[in-house]
Amino acid sequence: MHNTSNCELTSFERLNRDCFCLSLDPAALAAALDAELGSPSLSQLVRDRCPYLFAAQPVFVARPPLERMARVVQAIEAVVALPAYREQVLADAPAIARDGTGGSQGVFFGYDFHLDQDRLGLIEINTNAGGAMLNAVLARAQRSCCQAVHAMVPGRAGVTTFEQRLVDMFRREWRLAGHSRPLVSIAIVDEAPQQQYLYPEFLLFRQLFERHGLQAIIVDPSELACRHGRLWHGELAIDVVYNRVTDFYLDLPANAVLRQAWLEQVAVLTPHPTAHALYADKRRLALFSDDGALRELGVADDDRKVLLANVPRTEVVDEAHGDRLWAARRSLFFKPAAGFGSRAAYRGDKLTRRVWQEIMTGAYVAQALVPPGERVIANTEGLQSMKFDLRAYAYAGDVQWVAARVYQGQTTNFRQPGSGFAPVYTTVDGSGRGMCDSDGEHASYVFLLDEAGEVHALPHVLYVALARGQALAPIFADQTLRLADWYVRLRADGVPGAVVNETYGFVRFDREGRFKLEAAPGDAAWPTPEERRRMQELLFSIDLEPNGA
């Protein structure tokens, strides 16, 4: 610790400047990586291929910006749900975004934000954001250096809950596509997957799916084939394609089989071209930051105000406004509308006339500049200032996890010492659960149980917001679920110790995801033995016998 009093007493911004604690335990990280595959190969692969994938120090973020991030995600979901928005956007999108159907929403949306003191800016939306499983492993390898930081370190229960929610997300995609039988198989698909920088994450996902009873493979699109109304890898019929390719509209010949599978709906492709058109095309940021356009679409006032306050003003670059944009370039950031990973993106103050001509002839947007956050780190050369952004992993309007990406230069390429994914330390853990909804000795944990017997851990901060009418849960729209509220005695280290009291009831979500508690007659809402066992696993992060207490 550089200055203990700063770590304990000052603001989150001061912590990012003055706290030099190494939160990452390298031995624990290697053990967590290798435990996933049962061999030392994964940690060695990370060391050899991507040594700067994990930052050694956390990023500190106050609670209000995280809550605003969640609110921005909800506001965008509300806009995208409007028929007028979908009609307008899809009319201008490639035909494949309109032709495919099937009902799935798309997994692993990544909402990337810059945070400059109290100024929050949504920089872009990705519809195949990487890093979720890497951040789960990273959370398992954290250590604290003082009491103030200890309360912010992600707990094992939160990580286990996050991983369960990821699997539930894929199963929900399968059901939304109209399938009633259980999901059996998932193909993780990318071009030359073993050569991809994030190939270690593909291995983590395969292992996660297999732990939950699913057949999972990692393949190149060329290894797949459509026949007899199904998608196949050899003799294995593929139910769901976890699509990691960055050819978002599947235009390349190498992705012809994925294009066929999407258009003929022989497998569930997620994320998919429609999701990219609705969310990730950067021209959507121009709409989300345009007051007149939002009013014309009929966006609710609360959602409109949230977007205008947190989406930097963005406009499509065209020759008619070229002189004005050039004159204002130092306060703008230019990026290709269909780009990803900061490729061909430029700060306006770094532009040359040659690059400017390329921008004018390409499909670009200009976005008002919101500086990234600053994280000062200590290394062998002394103190070094790094940049960071925040990525909110979200599904159906629900933030699942928040991570930071620490980097140098203009792009988040994780190529320099000190860069990489970093945990976000705050008074809310990465899954959004309140760290201290307790009296110091007890805490309340809430679960939702659906008709299929699946158990969904509900972050307590979201439960309170739902009960107060301050949030929506579109993922549970038009459903009646059983609600379990467990009052738990905490151990001295804050980890759940024993369940003291259990309360059950019903909760009804309307078509928009609004929450209403309902009385439960008798024991109608009580869990089955298997549901109880699953809740105990999520709470205690250990395997318990079905009748364990």
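Look above for the structure.
Residues numbered from 1 in each chain as written. Predicted model: local features only at pLDDT ≥ 70, side-chain atom pairs only at ≥ 80, totals over all residues. Heavy atoms only, no water.

A. Looking closely at the sheet that holds strand 4 (residues 185–189). Strand order in the open sheet formed by 4 strands is 5-4-9-10, with parallel pairing between adjacent strands. Of all the strands in the sheet, the pair left with one neighbour each is strand 5 (215–219) and strand 10 (268–270). The mean angle between the axes of side-by-side strands here comes to 20 degrees, regardless of whether they run parallel or antiparallel. Relative to strand 5, strand 4 runs parallel, the two being bridged by 5 bridges. By the bridge assignment, V189 is partnered in strand 5 with V219. Against the sheet, helix 11 (residues 199–211) contacts strand 4, strand 5 and strand 9 (240–243), and its axis sits at roughly 165 degrees relative to strand 5. (Pairing = 2+ DSSP bridges. Helix = DSSP H or I, 4+ residues; strand = E, 2+ residues; numbered from the N terminus. Axes fitted to C-alpha atoms, helices over the stretch in contact; angles between N-to-C directions. Contact = heavy atoms within 4.5 Å.)

B. Main features of the sheet that holds strand 21 (residues 479–490). Spatial strand order, 20-19-21-22-23: 5 strands in an open sheet with antiparallel pairing. In this open sheet, the two edge strands, each paired with only one partner strand, are strand 20 (455–458) and strand 23 (515–518). On average, each strand axis in the sheet is inclined to that of its neighbour by 40 degrees, with strand direction left out of account. Two strands pair when backbone bridges link them, and strand 19 (residues 442–449) and strand 21 are joined in this way by 8 bridges, in the antiparallel orientation. Considered in strand 21, the bridge of F447 is made with A484.

C. Summary view of unusual backbone geometry. Across the junction of T270 and P271, the peptide omega takes the value -5 degrees, indicating a cis bond. Phi angles above zero are rare outside glycine, and A396 is one such case at about 55 degrees. Counting through the fold element by element, A396 comes out in the loop between strand 16 (382–395) and strand 17 (398–407). A relative accessible area of 6% means that A396 is categorised as buried. Although it is not a glycine, D478 adopts a positive phi angle of roughly 60 degrees. Tracing the sequence through the fold places D478 in the loop between helix 19 (460–467) and strand 21. (Buried < 20%, exposed > 50% of the residue type's maximum accessible area, 1.4 Å probe, protein only.)

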